[in-house]
Structures are given as C-alpha cells and as structure tokens.
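# Structural overview for review
Below are the chains, spelled out letter by letter.
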Amino acid sequence: MLSSIEPGWMESYEVINGPLADAAVWRGGLLWALALYVPLSAPLSRLESSLEESKLPESLRQPTLVISSLLLALAFGVVTQLGLSWVLGPGWASSLGVVAVGWSALLVLASGGED
C-alpha cells in the first residue's frame, strides 16, 4: 500500500497555487497600491462625511478612514498588477509600477504649492 504512493509528493510546501502565490504579484501590487493611494483617497470623501455623521468615536474615525483607503488601494494595486502581468509579464508590470510611483510622487510634489 505505501509503495504505491509517489515518493516526491510531500516535497512541495506550497499551500496555494495560482497567480496569487507568486511573490512578484504581491510586490508589484504593493507598488501599484502606493502609486494609486493618493488618487483613490480623494473619492473617499463620502465615506469621510458618513463617518463624521456616525456614532463612531472620534478616536476611531481617522484609523477607519486610513485603513479603508489602504485596503482599497491594495485591492486596486493587486488587480492592476495581475492585469498588467497577464498582458506584459510580471517583471514589466512591476517596473511600470515603479514608474507610476515616481509619477504619483511627482504630481503630489508639483501640486503641493497650489493649495
């Protein structure tokens, strides 16, 4: 009975398979999340206004808003990385994420003096 078991079946430590198991997808997703954080934070003004009207204590409003915007940016970042990885390949998609982070930082610095 034991001799019929394939000898190398326990050598793999992978828990999940698929594109989300690749570390490059998560690294690129984090880059895209960083690049998309500021543009995605602006539409969260409705959430911010609803938090102000809620019965949530003041000490929890700001962390709730920050965590929700970070999770939204991370979700969009991973989806963007997966889509661009499918079209361009994981290395190119991550490289494009680095360019997007630089461009986002440039736009934030350039618009800083206009406020």
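That block above? That's the structure.
Please read all numbers here as calculations on a predicted model, not as lab measurements.

Right, let's get into the overall build of the protein chain. Within the protein chain, the regular secondary structure consists of four helices and zero strands. Reading the protein chain from its N end, one meets helices and strands in the order α-α-α-α. For the protein chain, buried positions account for 21% of its 115 residues. Across the protein chain, the fraction of contacts at a sequence separation of at least 24, relative to all contacts at a separation of at least 6, is 71%. Here the protein chain has roughly 8600 Å² of accessible surface; of this, 70% comes from carbon and sulfur atoms.

Another point: the environment of L72. With respect to the element layout, L72 can be found in helix α3 (residues 58-88). For L72, a relative accessible area of 29% puts it in the partly exposed group. Placed 35 residues apart in sequence, L72 and Y37 show a C-alpha to C-alpha distance of 8.2 Å. Those residues within four positions of L72 in sequence are excluded, and the remaining contacts are L40 and L44.

Attention now moves to the pattern of salt bridges. Under the definition given, this model contains one salt bridge. Of the charged contacts, one joins R61 and E58 as a salt bridge, the two residues approaching to 3.0 Å between their closest N and O atoms. Of this pair, R61 and E58 both sit in helix α3, three residues apart, which is roughly one turn of that helix.

Here the focus is the packing of helix α2 (residues 45-53) against α3. Orientation of α2 relative to α3, taken along the N-to-C sense of each, is 155°, at an axis distance of 10 Å. The orientation of α2 with respect to α3, classified from their angle, is roughly antiparallel. The element α2 and its partner α3 pack so that their crossing is right-handed. Between α2 and α3, the residues in contact are L47, E48, L51 and E52 and R61, T64, L65 and S68, respectively. Among the residues making up the contact of α2 with α3, the classes are represented as three nonpolar, two polar and three charged.

This part covers the environment of L36. Mapping L36 onto the fold places it in helix α1 (residues 23-41). With relative accessibility at 23%, the residue L36 sits in the partly exposed group. Excluding its chain neighbours within four sequence positions, the residues that come into contact with L36 are F76, G77 and T80.

Scoring rules and cut-offs
Residues numbered from 1 in each chain as written. Predicted model: local features only at pLDDT ≥ 70, side-chain atom pairs only at ≥ 80, totals over all residues. Heavy atoms only, no water. Helix = DSSP H or I, 4+ residues; strand = E, 2+ residues; numbered from the N terminus. Buried < 20%, exposed > 50% of the residue type's maximum accessible area, 1.4 Å probe, protein only. Contact = heavy atoms within 4.5 Å. Areas by Shrake-Rupley, 256 points an atom, 1.4 Å probe, with all protein chains shown as cover. Salt bridge = Lys/Arg side-chain N within 4 Å of Asp/Glu carboxyl O. Axes fitted to C-alpha atoms, helices over the stretch in contact; angles between N-to-C directions. Parallel < 35°, antiparallel > 145°, perpendicular 65-115°, else oblique. Left-handed = near helix turned anticlockwise from the far one by under 90°. Nonpolar A, V, L, I, M, F, W, Y, C, P; charged D, E, K, R; others polar.

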